[in-house]
Amino acid sequence: LTANVQRRLASSETLSKDDASPVTVADYGSQVLVAWALQKQLGVQGFSMVAEEDSTDLTSKEGGPAMLTRLTQLVNESIEEACSMGLLTPQDGQVLAEEDVVALIDQGDSQGGKEGRHWVLDPIDGTRGFVRGDQYAIALGRLHEGKVVMGVLGCPNLPMTDDAGTSNDPDAVGSLFVATQGEGTYIRHIGEATASQLDPSSTWARVTTNPLVAIEDAVFCESYESRHSDHTLTERVKVAAGASSVLRMDSQAKYGVLSRGGSDVYMRFPPKGYVEKIWDHAAGMICVTEAGGMVTDAQGNELDFSEGRFLRSMKQGIVATGNSVHHAPILRFILQNSA
């Protein structure tokens, strides 16, 4: 669904949220399909999902009802396509009404917390990149008693080997990462030809972070847009480390690149007053840590996913390194170069 929408995204398929961030019909569609599929497998009883979107704008804003109609059409087309490819049985291929779609979106209203099990979903992480036709990720995490125990990153535009994200070979584009606590991080190719179908010729391969020795050889990674992170501070830290390479990219695809050794340091310094959401980091964090890396806030504290929908105790920003030997020096450089 997301790949199909990105190829032909129309202005009528994008709304603006109250914080001026865009939300597209694909954000909603992705959330609907993930919630629908999980409930198909696990049942409705006890189901809890912390997700980014809610249905308010679809049912109240100008243009929302028209988008809801289009969204319902896209969701049903995707379910029908999955049935035709054998990913679902004919019995699963039910037709969803608009009220079903609204209800599935609002399944993501859980507050999470330190008790129980919760799915954590960002249906399209990096919506601005998605609208531009660049990198984005479907990011699904699993919390158990406030700890991230599983993560899935679907990166339809991320090449399997080209970490700059610029490959024009459709056979090499599309990366799926899966990490489970204590079991490592794995990757496989997502076939572009059928958009959502996994390439049957692809097998899972375990990935690990880069065993970098010299910090001056590190490849730094940061958000594509400066509104999401302080590029000036990243540059100061990079210079202090004696490094020169920087990779800018949208979405949690950055975590995937770091987990497979395509970069070495990822830093995110959001604007003052901004509180990070758990869905922006849960899946990506465990992909890095299970691949051998380390993720903390900018003061070296473990990220706390038990505080509800937000990382309320996070200090200054987020730092992920592929080599834990370099984590302390990076934190020190941040301290020395912060205003």
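Only a predicted model underlies this, so the values are computations on that prediction, with no experimental measurement involved.

Parameters at a glance
Residues numbered from 1 in each chain as written. Predicted model: local features only at pLDDT ≥ 70, side-chain atom pairs only at ≥ 80, totals over all residues. Heavy atoms only, no water. Pairing = 2+ DSSP bridges. Helix = DSSP H or I, 4+ residues; strand = E, 2+ residues; numbered from the N terminus. Axes fitted to C-alpha atoms, helices over the stretch in contact; angles between N-to-C directions. Contact = heavy atoms within 4.5 Å. Salt bridge = Lys/Arg side-chain N within 4 Å of Asp/Glu carboxyl O. Buried < 20%, exposed > 50% of the residue type's maximum accessible area, 1.4 Å probe, protein only.

1. Brief notes about the sheet that holds strand β13 (residues 294-297)
If you walk across this open sheet you meet the five strands as β11-β10-β12-β14-β13, and the pairing is mixed. Lying at the two open borders of the sheet, with one neighbouring strand each, are β11 (245-249) and β13. Each adjacent strand pair in this sheet contributes to an overall mean axis angle of 20°, direction not counted. One ladder, built from four bridges, connects strand β12 (residues 265-268) with strand β14 (residues 318-321); its direction is antiparallel. Pairing of Arg268 across the sheet is with Ile318, part of β14.

2. Details of the sheet that holds strand β4 (residues 117-125)
Taken in spatial order, the seven strands of this open sheet run β3-β4-β5-β6-β7-β8-β9, and their pairing is mixed. The open sheet has two edge strands with one neighbour each: β3 (49-51) and β9 (205-207). Averaged over all neighbouring strand pairs, the angle between strand axes comes to 20°, with direction disregarded. Here strand β5 (residues 137-144) runs beside strand β6 (residues 147-159); their pairing, made up of seven bridges, is antiparallel. By the bridge assignment for β6, Gly141 is matched with Gly151. Packing of helix α2 (residues 25-42) onto the sheet brings it into contact with β3, β4 and β5, and relative to β4 it is tilted by some 150°. Each of β4, β5, β6, β7 (173-180), β8 (184-189) and β9 touches helix α9 (residues 282-290); the most contacted strand, β6, lies at about 95° to it.

3. A few points about the pattern of salt bridges
A complete count under the given rule lists seven salt bridges for this structure. Taking the shortest distance from any N to any O, the salt bridge between Asp250 and Arg132 comes out at 2.2 Å. Of this pair, Asp250 sits in the loop between β11 and α8 (253-259) while Arg132 sits in helix α6 (residues 127-132), and the two are 118 residues apart along the sequence. Residue Asp250 is classed as buried on the basis of its relative accessible area of 5%. Arg132 gets classed as partly exposed once you look at its relative accessible area, which sits at 34%. The network of salt bridges with common partners includes Arg132, Asp134, Glu225 and Asp250.

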